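One-letter residues, chain by chain:
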Amino acid sequence: MTSSLSHSELISIAEEYGTPLYVYHAEKIKEQYGKLQNAFGHTNTIFFYACKALTNVNILRYIRNLGANVDCSSVNEVKLALHAGFPASRILYTSNGIDFDEIKEAKELGVYINIDSLSNLEKFGMAFGHSYPVGVRLRPNILAGGNIKISTGHDKSKFGIPVDQVDRILKLVDAYQLRISDLHIHTGSEIKDVDVFLKGVDVLFDIAPHFEHLEFIDLGGGFKVASKAGEQETDIPLLAEKVGRAFANHPYKNGKKLQVWFEPGKFLVSAAGHFITKVNVLKETSAAEFVSVNSGFNHLIRPMFYDAYHHIENISNPEGPMKNYSVVGNICETDTFAWDRPLNEVREGDYLVFRNAGAYGFEMSSNFNSRFKPAEVLAMEGKTHLIRRRDQFDDLLRNQVEVI
Ligand code: PLP
């Protein structure tokens with residue numbers, strides 16, 4: 001089964017709600033979650049949706065109803081997840097370089113917590129000792145991920161406590177009787193090679209016997225989704241088979257089996273998202289034929305920030321002859337979405353849709369140039385629902401304090 005919205009459906013949604021517009025296809029999220037469940041069904045594995053990818057509360061509720069848990073990267077995400085109806089027992093908070101007060105707040109909310117520095121682990125020990133279980137985010141010193149900007153587990157990364165400092169973690173465990181319930185790694189995003197996860201498993205299995213209260217091994221997110229024709233997703237069935245085997249054979253203390261956690265973000269929501277823009281201006285130059293759309297890195301920053309590839313289609317002229325264009329935005333910065341990209345002939349007023357825009361799309365948007373953030377629409381069971389209205393002029397002034 002594959003779920004997709006047709007060109008004519010996307011055009012009628014664009015006409016109804018205006019552009020620029022994010023459209024999320026609920027059934028595609030369900031399809032992706034189903035792949036994980038089918039593959040890992042025979043193993044003791046659970047999934048926490050890394051909601052930093054897309055936090056619209058309707059998406060959170062939809063994913064909650066599918067049965068997934070949720071991984072949060074700030075206490076505000078934790079509060080959104082609670083607001084969306086996740087019980088605290090299904091929420092994980094993976095903190096990174098934050099003030100200890102935020103960890104205290106998360107503890108008061110009763111969620112699972114991963115701590116990623118010795119400093120905060122010590123503060124946690126002093127404040128709560130043995131009374132509350134806690135996870136540790138480690139840096140496994142593994143280089144992985146689509147590119148260096150989305151690699152987080154290598155030996156120069158700020159994330160996690162370097163695994164070679166495990167002795168220092170153990171000293172804190174001893175000093176404060178810490179109950180370390182999980183060991184966590186997240187080596188990067190867009191990891192194609194399943195053996196990278198297995199390398200991480202080896203690193204964690206090496207140190208696991210030192211942690212007597214261990215219940216979970218958290219392997220983070222980072223599954224790759226296909227963004228170009230011919231590209232492969234991470235081979236989830238193969239990953240499940242290998243991870244399942246590694247854990248089945250792992251002789252953790254007294255026959256106790258550890259549960260595996262994953263935190264997929266992109267895998268669940270990326271392909272469900274379509275970003276629809278309208279062509280404002282065509283400009284022919286000696287360097288390129290520019291197509292300026294009514295958007296920019298204020299709405300979709302991934303191409304500029306990570307050199308991310310988004311497939312673009314001219315859904316208004318899908319039979320038009322192919323030509324090469326440079327697709328740019330309309331903000332006052334260089335905001336090239338795609339250089340020299342073959343598209344069906346583009347006319348002013350055409351709708352261009354950016355695929356794989358569900359993850360880190362709207363979520364990273366801003367009001368740069370005092371432009372409005374786009375609206376968001378959920379397409380579900382053949383109907384569409386506005387799930388965030390487009391900004392209005394008042395939104396630009398909302399938090400400003402006018403003192404002059
Ligand atoms: N978990 C952690 C700790 C992360 O930092 C991230 C992404 O930044 C994720 C999970 C989700 O990664 P992805 O969207 O590539 O699955």
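This write-up is about the structure you can find in this document. Numbering of residues begins from 1 in every chain and follows the order in which that chain's sequence is written. This being a predicted model, a pLDDT of at least 70 is required before a residue's local features are given, and a value of 80 or more before pairs of side-chain atoms are given or counted; all residues contribute to the totals for chains, interfaces and linings. Side-chain measures were taken over the full set of non-hydrogen atoms in the model, leaving aside hydrogen atoms and water.

1. Topic: the overall build of the protein
Applicable threshold: Numbering of helices and strands runs from the N terminus; a helix is a DSSP stretch of H or I covering at least four residues, while a strand is a stretch of E covering at least two. As a reference, a globule follows 2.2 Å times the number of residues to the power 0.38, and the radius of gyration itself is taken over C-alpha atoms. The buried label goes to any residue with under 20% of its type's maximum accessible area, the exposed label to any with over 50%, and the partly exposed label to all in between, with areas taken from a 1.4 Å probe on protein chains only. We call two residues in contact whenever any of their non-hydrogen atoms come within 4.5 Å of each other. For the purpose of counting charges, residues Lys and Arg are taken to be positive, whereas Asp and Glu are taken to be negative. His and the chain ends are not included. Charge positions are represented by NZ for Lys, CZ for Arg, CG for Asp and CD for Glu.
From N to C terminus, the protein includes twelve helices and 18 strands. In summary, the protein has a C-alpha radius of gyration of 23 Å against a globular reference of 22 Å for 404 residues, a match within 12%. Seen through its C-alpha atoms, the protein measures out along the principal axes to roughly 70 × 60 × 40 Å. Looking at the 404 residues of the protein, the share that counts as buried comes to 55%. Long-range contacts, defined here as pairs at least 24 residues apart, represent 68% of the contacts in the protein between residues at least 6 apart. Taking the average location of the 43 positive side-chain charges in the protein and that of its 50 negative ones, the two points are 2 Å from each other.

2. A closer look at the site of the ligand
Stated formally: A molecule or strand has a residue near it when one of that residue's heavy atoms lies within 4 Å. Polar contact is defined as a pair of N or O atoms within 3.5 Å, subject to the rule that within protein one atom must be able to donate a hydrogen and the other to accept it, and that residues adjacent in sequence are counted only when both atoms are side-chain atoms. Values of accessible area rely on a 1.4 Å probe in the Shrake-Rupley scheme; residue burial ignores everything except the protein chains shown. Residues are sorted three ways: Asp, Glu, Lys and Arg are charged, Ala, Val, Leu, Ile, Met, Phe, Trp, Tyr, Cys and Pro are nonpolar, and all the rest, Gly among them, are polar.
Taken together, 14 residues are adjacent to the ligand, and Ser189, Gly222, Glu263, Lys266 and Tyr360 come closest. Between Ser189 and the ligand, the recorded distance is 2.2 Å, taken from a side-chain N or O atom to an oxygen atom. At 2.6 Å from a nitrogen atom of the ligand is found a side-chain nitrogen or oxygen belonging to Glu263. If the ligand stood free it would expose 390 Å²; the protein chains cover 90% of that surface. Of the residues assigned to the shell around the ligand, the class counts are three nonpolar, six polar and five charged.

3. A closer look at the side chain of Thr55
Mapped onto the elements of the fold, Thr55 is located in the loop between strand 2 (45-50) and helix 3 (57-66). The exposure class of Thr55 is buried, given its relative accessible area of 10%. A distance of 2.6 Å separates polar atoms of two side chains, one belonging to Thr55 and the other to Glu363. With residues up to four places along the chain from it excluded, the contact list for Thr55 reads Leu60, Glu77, Leu80 and Glu363.

4. Description of the pairing of strand 17 (residues 375-380)
Selection rule: DSSP bridges decide pairing: two strands pair if at least two such bridges lie between them.
Burial of strand 17 is extensive: five of the six residues sit out of reach of the surface. When strand 17 meets strand 18 (residues 383-388), the two strands line up antiparallel, connected through five bridges. Paired with Glu376 across the two strands is Arg388, which belongs to strand 18. The loop that links strand 17 with its antiparallel partner strand 18 comprises two residues; one of these, Glu381, has a positive phi angle of about 50°.

5. Considering the packing of helix 6 (residues 118-128) against helix 7 (residues 166-176)
Test applied: Only the stretch in contact is used when fitting a helix axis, every axis being a line fitted to C-alpha atoms; angles between N-to-C directions are given from 0 to 180 degrees. Roughly parallel covers angles under 35 degrees, roughly antiparallel covers those over 145, roughly perpendicular covers 65 to 115, and oblique covers all other angles.
It is the contact of helix 6 with helix 7, at a shortest axis distance of 9 Å, that shows an interaxial angle of 10°. In this view, helix 6 runs roughly parallel relative to helix 7, as classed from their interaxial angle. Between helix 6 and helix 7, the residues in contact are Leu118, Leu121, Glu122, Gly125 and Met126 and Arg168, Ile169, Leu172 and Tyr176, respectively. Looking at side-chain class alone, the contact of helix 6 with helix 7 contains six nonpolar, one polar and two charged residues.

6. Considerations on the pairing of strand 10 (residues 259-262)
Residues of strand 10 alternate between two faces, with Gln259 and Trp261 on one and Val260 and Phe262 on the opposite face, all of them buried. Direction of pairing for strand 2 relative to strand 10: parallel, over a ladder of three bridges. Each bridged residue has a counterpart across the sheet, and for Phe47 the counterpart in strand 10 is Phe262. Note: strand 9 (residues 216-218) against strand 10, three bridges, orientation parallel. Its bridge partner lying in strand 10, Asp218 is registered against Trp261.

Taken by themselves, the reported measurements are silent on function.
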